[in-house]
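# Tertiary structure, described
Residue-level listing of the chains:
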Amino acid sequence: MSTEASELELFRDNVKRFFSENVEPNYERWQHEGRVPPEFYLKMGEQGLLCVDQPEEYGGMGAPFDFSVVVLEEAARMGYMSLASNLSVHSDIVAPYILHLGNEAQKRKYLPRMASGECIGAIAMTEPGAGSDLQGIKTSALPDGESHYLINGSKTFITNGQNAGVVVLATKTDPKLGARGTTLFTVETTAAGFKRGRNLEKVGQYAADTSELFFDNVRVANDEILGKPGGGFGHMIDELPRERLVLAASAVTHAQGALERTIEYVTQRKAFGQPIASFQNTRFELAKIKTDIEVHRAFVEKCNRLYAERKLDVPTAAMVKLASTEMQGRVTDACLQLFGGYGYMSEYPISRYWADARIQRIYGGTSEIMKEVIGRSLVGRG
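For the structure given in this document, a descriptive report is provided here.

The rules behind these values
Residues numbered from 1 in each chain as written. Predicted model: local features only at pLDDT ≥ 70, side-chain atom pairs only at ≥ 80, totals over all residues. Heavy atoms only, no water. Helix = DSSP H or I, 4+ residues; strand = E, 2+ residues; numbered from the N terminus. Rg over C-alpha atoms; globule rule 2.2 N^0.38 Å. Buried < 20%, exposed > 50% of the residue type's maximum accessible area, 1.4 Å probe, protein only. Phe/Tyr/Trp six-rings, centres within 6.5 Å; stacked < 30°, edge-to-face > 60°. Core = buried A, V, L, I, M, F, W, Y, C linked by side-chain atoms within 4.5 Å. Contact = heavy atoms within 4.5 Å.

Turning to the overall build of the protein chain, a few remarks are in order. Scanning the protein chain from N- to C-terminus turns up 11 helices and 10 strands. For 382 residues, the compact-globule estimate of 2.2 N^0.38 gives 21 Å, and the C-alpha radius of gyration of the protein chain, at 21 Å, lies within 12% of that figure. Each principal axis of the C-alpha distribution contributes one length, and for the protein chain these read about 80 × 50 × 45 Å. The 382 residues of the protein chain split such that 54% are buried.

Printed below as a string of structure tokens:
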């Protein structure tokens, strides 16, 4: 084993231990409360578990990308998919947006506080009338004098919406230009005119706070533009591969966690006087599940290497996200089936694995949009 591989496994062991000690005793309460408490992010920051691959000069560990992925993988495997979703947005979407696109003032202002857990990040693209079609967003940012913009509009389904201290916001600065009129901003949630809506009730991932956000004449300075004015749509496309890759990685380990719990159950639970695992159907189902997971794990590992080499393109990221999240759905459903009626009871964690997996085929780009992206890369728009 290489030095980096052994260090990665040591880091993984530390993550597992931290989650066992700090998440397991509290997770059910967080599920009922509808969010992970902000102070938990401070604990994670103290342990160096936020924005792990961020440069040290901005508060991160400066570790390879694989180390950041491990945090999400273990949260997902252990059944804390709400936390995995929160962390993926904070550490693997918002922080990279600011690192790659921000000016030096933005990086200094937000990134160290994100790494410490003092400032939680959210990204606000989806609107009530614009889901996957980001070109259709209506939230506007119009010039207010020479040095500021006024932002008006609303967003919905925003992960970390209740906890966020900074929001990467997609706006229209020139509606006549379509995609070329889209501009990103960093907006502090203490800004006058910003309002959080209710914490939305969902089918699963109850502890992942998901909110409506409202912007009523929110005044922001020109230096809060993230990237190029009018370049927002292109910037979002550029950042999609990492977002979709980390969703795929968490899908694989979430499926693995469901399998581990199922193996434990079927070897102990008896039917007709013998363990469920002794039936051929059970063994065949487990064999199919394990094979499905390992095939997709190999694809994710390939894409991890491509991303580290800056070679992961948009169609390949769409493929790994599509394939892995569809697999996750198949596996969690098959695992729940092996639990029988108990699988449908909320007291059994497998029910949470099943419910939490469902959104993975929707956020980050629906499976249908992934197919469209892949198809266009092969034959054009038709």
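Applying the stated criterion across every chain yields a total of 15 aromatic pairs. With a centroid separation of 5.8 Å and 35 degrees between ring planes, the pair formed by Phe18 and Phe40 is classed as tilted. Linking Phe18 in helix H1 (residues 3-22) with Phe40 in helix H3 (residues 38-46), this pair joins segments that are 22 residues apart in sequence. Each of the two residues, Phe18 as well as Phe40, counts as buried. Taking the centre distance of 5.3 Å and the plane angle of 45 degrees together, the rings of Tyr342 and Tyr348 count as tilted. Residue classification places Tyr342 among the partly exposed positions, given a relative accessible area of 36%. Taking the relative accessible area as the measure of exposure, Tyr348 reaches 23% and is therefore partly exposed. Counting every residue linked through ring pairs, the aromatic cluster contains Phe18, Phe19, Tyr27, Trp30, Phe40 and Tyr80.

Here we take up the nonpolar core. Counting 87 residues, the largest nonpolar core has Phe19, Met44, Val71, Leu83, Leu87, Tyr97 and Met114 as its most contacted members. At 12 residues, the largest contribution of residues to this core is made by helix H5 (residues 81-101). Not counting residues within four places of it along the chain, the set of residues in contact with Phe19 comprises Glu24, Met44, Val71, Glu74, Ala75, Met78, Tyr80, Leu83 and Leu87. Formed by 17 residues, the second largest nonpolar core is a distinct cluster that contains Ala164, Phe185, Val187 and Phe194.

Residues apart from glycine generally show negative phi values, whereas peptide bonds are mostly found in trans. Its identity is not glycine, yet Cys51 carries a phi of approximately 50 degrees, on the positive side. Relative to the helices and strands, Cys51 is located in the loop between H3 and helix H4 (65-77).

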